[in-house]
Amino acid sequence: MRNCIRPDARSVPMVVPYAGGVLSGQGMLVGAFFGVAAADAAQNATVECETRGEFELTKDPTQAMAAGTRVFWDNTNRRLTTTATGNFQVGVVTVAALAADATVRVMLARVPASGA
């Protein structure tokens, strides 16, 4: 096919929206795209971001998260949360995390917020 741009695309080049940039392995949200940066990048630079797969990402330090829990990106604090309101759904927890844990494993998956 001549119109196929990226067969089986797992990553997307995204422009870093955050002051101070992003580090390799950190999540970032650009519009409706959520991805994990493949390299360090400054604000307004373009970086490849993985949009599928399982990652260990920073989480809300007040929340325990059970395996199978839907998680959302808190773009203000740049971390995962179980709070849907005002946040962007990015995936599902694959390994439970205690409230005291700094990170949680998550499988990136765009699933409907309503569960429908």
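What counts as what
- Residues numbered from 1 in each chain as written.
- Predicted model: local features only at pLDDT ≥ 70, side-chain atom pairs only at ≥ 80, totals over all residues.
- Heavy atoms only, no water.
- Helix = DSSP H or I, 4+ residues; strand = E, 2+ residues; numbered from the N terminus.
- Buried < 20%, exposed > 50% of the residue type's maximum accessible area, 1.4 Å probe, protein only.
- Areas by Shrake-Rupley, 256 points an atom, 1.4 Å probe, with all protein chains shown as cover.
- Pairing = 2+ DSSP bridges.
- Axes fitted to C-alpha atoms, helices over the stretch in contact; angles between N-to-C directions.
- Phe/Tyr/Trp six-rings, centres within 6.5 Å; stacked < 30°, edge-to-face > 60°.
- Lys NZ or Arg CZ within 6 Å of the ring centre and 35° of its normal.
- Contact = heavy atoms within 4.5 Å.
- Salt bridge = Lys/Arg side-chain N within 4 Å of Asp/Glu carboxyl O.

1. Topic: the overall build of the protein
In step 1: Counting secondary structure elements, the protein contains 0 helices and 9 strands.
In step 2: Tracing the protein from N to C terminus, the helices and strands come up as β-β-β-β-β-β-β-β-β.
In step 3: When each of the 116 residues of the protein is scored for burial, the buried share is 34%.
In step 4: Of the accessible surface of the protein, which amounts to about 6,600 Å², a share of 54% is contributed by carbon and sulfur atoms.

2. Points about the sheet that holds strand β4 (residues 46-50)
In step 1: One open sheet holds the 4 strands; their spatial order is β1-β4-β3-β2, and the pairing between them is antiparallel. Looking at which strands have only one partner, the edges of the open sheet turn out to be β1 (11-15) and β2 (27-30). On average, adjacent strands in this sheet sit at an angle of 50° to one another, irrespective of strand direction.
In step 2: Alignment of strand β3 (residues 33-37) against β4, held across 2 bridges, turns out to be antiparallel. Across the sheet, Ala37 pairs through a bridge with Cys49, a residue of β4.

3. A word on the packing of aromatic side chains
In step 1: Under the counting rule described, the total for this entry stands at 1 aromatic pair.
In step 2: Each ring, one from Phe34 and one from Trp73, has its centre 4.9 Å from the other, and the planes form 55°; the classification is tilted. Taken together, the residues span a long stretch of sequence, with Phe34 in strand β3 and Trp73 in strand β6 (residues 70-74) at a distance of 39 residues.
In step 3: Taking relative accessible area as the criterion, Trp73 reaches 2% and is therefore assigned buried.
In step 4: Positioned over the ring face of Tyr18 is Arg78, at 4.0 Å from the centre of the ring.

4. Regarding the environment of Ala67
In step 1: Relative to the helices and strands, Ala67 resides in the loop between β5 (53-58) and β6.
In step 2: The spacing of Ala67 and Val95 is 28 residues in sequence and 5.0 Å in space, taken between C-alpha atoms.
In step 3: With sequence-adjacent residues up to four places away left out, Ala67 is seen in contact with Val93, Thr94 and Ala96.

5. Things to note about the pattern of salt bridges
In step 1: Counted under the stated rule, the structure contains 4 salt bridges.
In step 2: Note that Arg105 is salt-bridged to Glu56, the shortest N-O span being 4.0 Å. Residue Arg105 is located in strand β9 (residues 103-108), and its partner Glu56 is located in strand β5; the two are separated by 49 residues in the primary sequence.
In step 3: Look at Arg105 and you get partly exposed, because its relative accessible area is 41%.
In step 4: When the shortest N-O distance is used, the salt bridge between Arg79 and Asp60 registers 3.9 Å. Taken together, the residues span a long stretch of sequence, with Arg79 in strand β7 (residues 79-81) and Asp60 in the loop between β5 and β6 at a distance of 19 residues.
In step 5: Taking the relative accessible area as the measure of exposure, Arg79 reaches 22% and is therefore partly exposed.
In step 6: Put simply, Asp60, Asp74 and Arg79 are held in one network by salt bridges that share partners.

These results come straight from atomic positions and should not be treated as a statement about function.
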